[in-house]
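Given next are the chains, with one letter for each unit.
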Amino acid sequence: TADIAKAKVKIALKTYQNGREVQLNPNDIKLTANNEELIYGKDYIIGENSYANNTKKGKATVILRGIGKNYGGQRKVTFTIGSKTLAWWKNILNYT
């Protein structure tokens, strides 16, 4: 099995939710290993209880865990929580 810690990760900018927890969904994450995109629920899961600093603007973290017969291990990833205006512009620039 391959170690998910060695996979490349790209995470979308998230929007501040006025003090509420900000969590990632599978569409926010692009995880690749050996030039193949990993599939949420088959190759990895998001550690639901592993979020840190995800109620305020700035940097937050979560742990992604490898699952199934192809992937193992875990990887702590950082994502950014920005203001609504910043998130809107950054997402437009990243996805066009």
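Provided above is the structure to which this section pertains.
Model, not experiment: these values are computed from the prediction.

A. Representation of the overall build of the protein in the model. The helix and strand tally for the protein stands at 1 helix and 9 strands. Beginning at the N terminus, the succession of helices and strands in the protein can be written as β-β-β-β-β-β-β-β-β-α. When burial is assessed residue by residue, the protein has 34% of its 96 residues classed as buried.

B. Quick peek at the sheet that holds strand S9 (residues 74-82). The strand order S3-S9-S7-S6 describes an open sheet built from 4 strands, whose pairing is mixed. Since the sheet does not close on itself, it has two edges, and those belong to strand S3 (14-15) and strand S6 (44-46), each with one partner. Looking at chain direction, S3 and S9 are connected through 2 bridges and run parallel. Across the sheet, the residue bridging to threonine 15 is glycine 82, located in S9.

C. Summary view of the nonpolar core. Counting residues in each nonpolar core, the largest one holds 18 residues, and the members touching the most others are Leu31, Leu64 and Phe79. When residues of this core are traced back to their parent elements, those giving at least two are strand S4 (29-33), S6, strand S7 (58-66) and S9. The contact partners of phenylalanine 79, leaving out residues within four places of it in the chain, are Ile11, Lys14, Val22, Leu24, Tyr51, Asn54, Gly58, Lys59, Ala60, Thr61 and Val62.

D. Highlighting the pattern of salt bridges. Enumeration over the complete set of coordinates arrives at 1 salt bridge. Note that lysine 14 is salt-bridged to aspartate 28, the shortest N-O span being 2.9 Å. Of this pair, lysine 14 sits in strand S3 while aspartate 28 sits in the loop between S3 and S4; the two residues are 14 residues apart in sequence, bridging distant segments of the chain. By relative accessible area, lysine 14 is classed as buried at 15%.

E. Structural detail: the pairing of S7. In terms of strand pairing, S6 meets S7 through 3 bridges, oriented antiparallel. Within S7, the position partnered with tyrosine 44 by the bridge is glycine 66. By the bridge criterion, 8 bridges tie S7 to S9 in an arrangement that is antiparallel. Each bridged residue has a counterpart across the sheet, and for lysine 59 the counterpart in S9 is threonine 80.

F. Structural detail: the packing of aromatic side chains. For the coordinates displayed, the defined rule picks out 2 aromatic pairs. Plain terms: the ring middles of tyrosine 40 and tyrosine 44 are 5.6 Å apart, the flat faces sit at 75° to each other, and that makes the pair edge-to-face. The exposure class of tyrosine 40 is partly exposed, given its relative accessible area of 36%. Seen in terms of ring centroids, tyrosine 51 and phenylalanine 79 are 6.2 Å apart; in terms of plane orientation they differ by 90°. Their pairing is edge-to-face. Within this pair, whereas tyrosine 51 is found in the loop between S6 and S7, its partner phenylalanine 79 is found in strand S9, the two being separated by 28 residues in sequence.

Quick notes on the rules
Residues numbered from 1 in each chain as written. Predicted model: local features only at pLDDT ≥ 70, side-chain atom pairs only at ≥ 80, totals over all residues. Heavy atoms only, no water. Helix = DSSP H or I, 4+ residues; strand = E, 2+ residues; numbered from the N terminus. Buried < 20%, exposed > 50% of the residue type's maximum accessible area, 1.4 Å probe, protein only. Pairing = 2+ DSSP bridges. Core = buried A, V, L, I, M, F, W, Y, C linked by side-chain atoms within 4.5 Å. Contact = heavy atoms within 4.5 Å. Salt bridge = Lys/Arg side-chain N within 4 Å of Asp/Glu carboxyl O. Phe/Tyr/Trp six-rings, centres within 6.5 Å; stacked < 30°, edge-to-face > 60°.

By themselves these figures say nothing about function.
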